[in-house]
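Survey of secondary and tertiary structure
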Amino acid sequence: MSRRQGALTSTDAVEIAILSGVVGVLVTVHFFLPEALRSQFLFTYGEPTVVSAWTAAILHDSVSHLVSSVTWYAIVMASAYALSMTWTRRRPFWFAVVGCLVLAPPMTKLVDYWLLKVQWNLVADATTARGFSGVVSAFGGLLYVSLARTATARYGYDAGVATTGTIVLGALSALTFTSAMLSPSVAVVLCTIVASAIGIGIVRNRPKIPTWRAWAWSQRDGLLPIVVGCVVVVVLLSQLFQVQLDETGRFVSVIAHGTGFATGMIVTVLVLIAEYVGQQWTKKPGNRLGTSTE
């Protein structure tokens, strides 16, 4: 499954430059966009448009808001990109990235508007929305699915299930401390379950531990991006799903973040399914380019 190892190539440099260009756009817009255009780019709940759903994603209301978006984008995308470098075929990663950039802004605003304005009427007509966090959430969903794909391809189905399950359990445990969504008692239960499972596993498989340690060391290059990616997703989720005001007094939109994460997962899954179907189709006799069907 590994595509290449060693020093970065010119292609890697171009790809990193493209991904870094997103940061350049966000910073440039924040500091140099005229105020007249900025007000037009905002998504307003009283006058929602598809165009403003996209343009609002590149706006931020403060430097701290911008720094938060850029920092998390860099962390999540660096982890996802490092993971994709272990793939033989890179096109699914880039299709998923483009899909998240295109679909996440309107999807997050659509769901946000439908629930907060149409269904619950919790926001006034003059209320505006902006920020790149919905897209960052989508990249988090991309990373989550990429971790499952990589672990499954490298180490089997059980490893993929263990990876995704560990992330979910870790995120739920973290949310009990960082968010009001889950009570501390849930954290105690989850931590007890995890500690018990680890303890039972250690006792039952004690003779195999030296072998596992040697295996893990031999696989360290492949395991490292997976472990780092898991940590990134857990910490990201613990920050995205807070239901209190942040340090600037702005309400953190759990709905938009959840929609973004789900959008990233769905886009990536669909891309991977399309890749698989395409591979199977090209393997059939007569379906390869340049092959006669006669």
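Figured I'd write up the structure that's included with this text.

Parameters at a glance
Residues numbered from 1 in each chain as written. Predicted model: local features only at pLDDT ≥ 70, side-chain atom pairs only at ≥ 80, totals over all residues. Heavy atoms only, no water. Helix = DSSP H or I, 4+ residues; strand = E, 2+ residues; numbered from the N terminus. Polar contact = N/O pair within 3.5 Å; in protein donor to acceptor, adjacent residues only side chain to side chain. Contact = heavy atoms within 4.5 Å. Salt bridge = Lys/Arg side-chain N within 4 Å of Asp/Glu carboxyl O. Phe/Tyr/Trp six-rings, centres within 6.5 Å; stacked < 30°, edge-to-face > 60°. Buried < 20%, exposed > 50% of the residue type's maximum accessible area, 1.4 Å probe, protein only. Lys NZ or Arg CZ within 6 Å of the ring centre and 35° of its normal.

1. Quick word on the side chain of S52
Along the chain, the position of S52 falls in helix 3 (residues 50-55). Reaching out from S52, the side chain makes a polar contact with the side chain of T49 at a distance of 2.7 Å. Filtering out sequence-adjacent residues up to four positions away, S52 remains in contact with F41, L42 and F43.

2. Topic: the pattern of salt bridges
What the rule picks out here adds up to five salt bridges. A salt bridge links E35 to R38; the nearest nitrogen and oxygen atoms lie 3.7 Å apart. Taken as a pair, E35 and R38 lie in helix 2 (residues 35-41) at a separation of three residues, close to a single helical turn. A salt bridge links D125 to K117; the shortest N-O distance between them is 2.4 Å.

3. Thoughts on the packing of aromatic side chains
A ring pair, where both rings are aromatic, is described by two values, the distance of the centres and the angle of the planes. Under the defined criterion, the tally for this structure stands at seven aromatic pairs. Here the aromatic rings of Y73 and F139 are separated by 5.8 Å at their centres, their planes lie at 55°, and the arrangement is tilted. On the criterion of sequence distance, the pair formed by Y73 in helix 4 (residues 63-84) and F139 in helix 6 (residues 133-155) is long-range, its members being 66 residues apart. There is no split in this pair, since Y73 and F139 are both buried. Three or more aromatic residues joined by ring pairs make a cluster, and in this case those are F43, Y45 and Y113. One Lys or Arg, R149, reaches over the ring of W87 and ends 4.1 Å from the middle of that ring.

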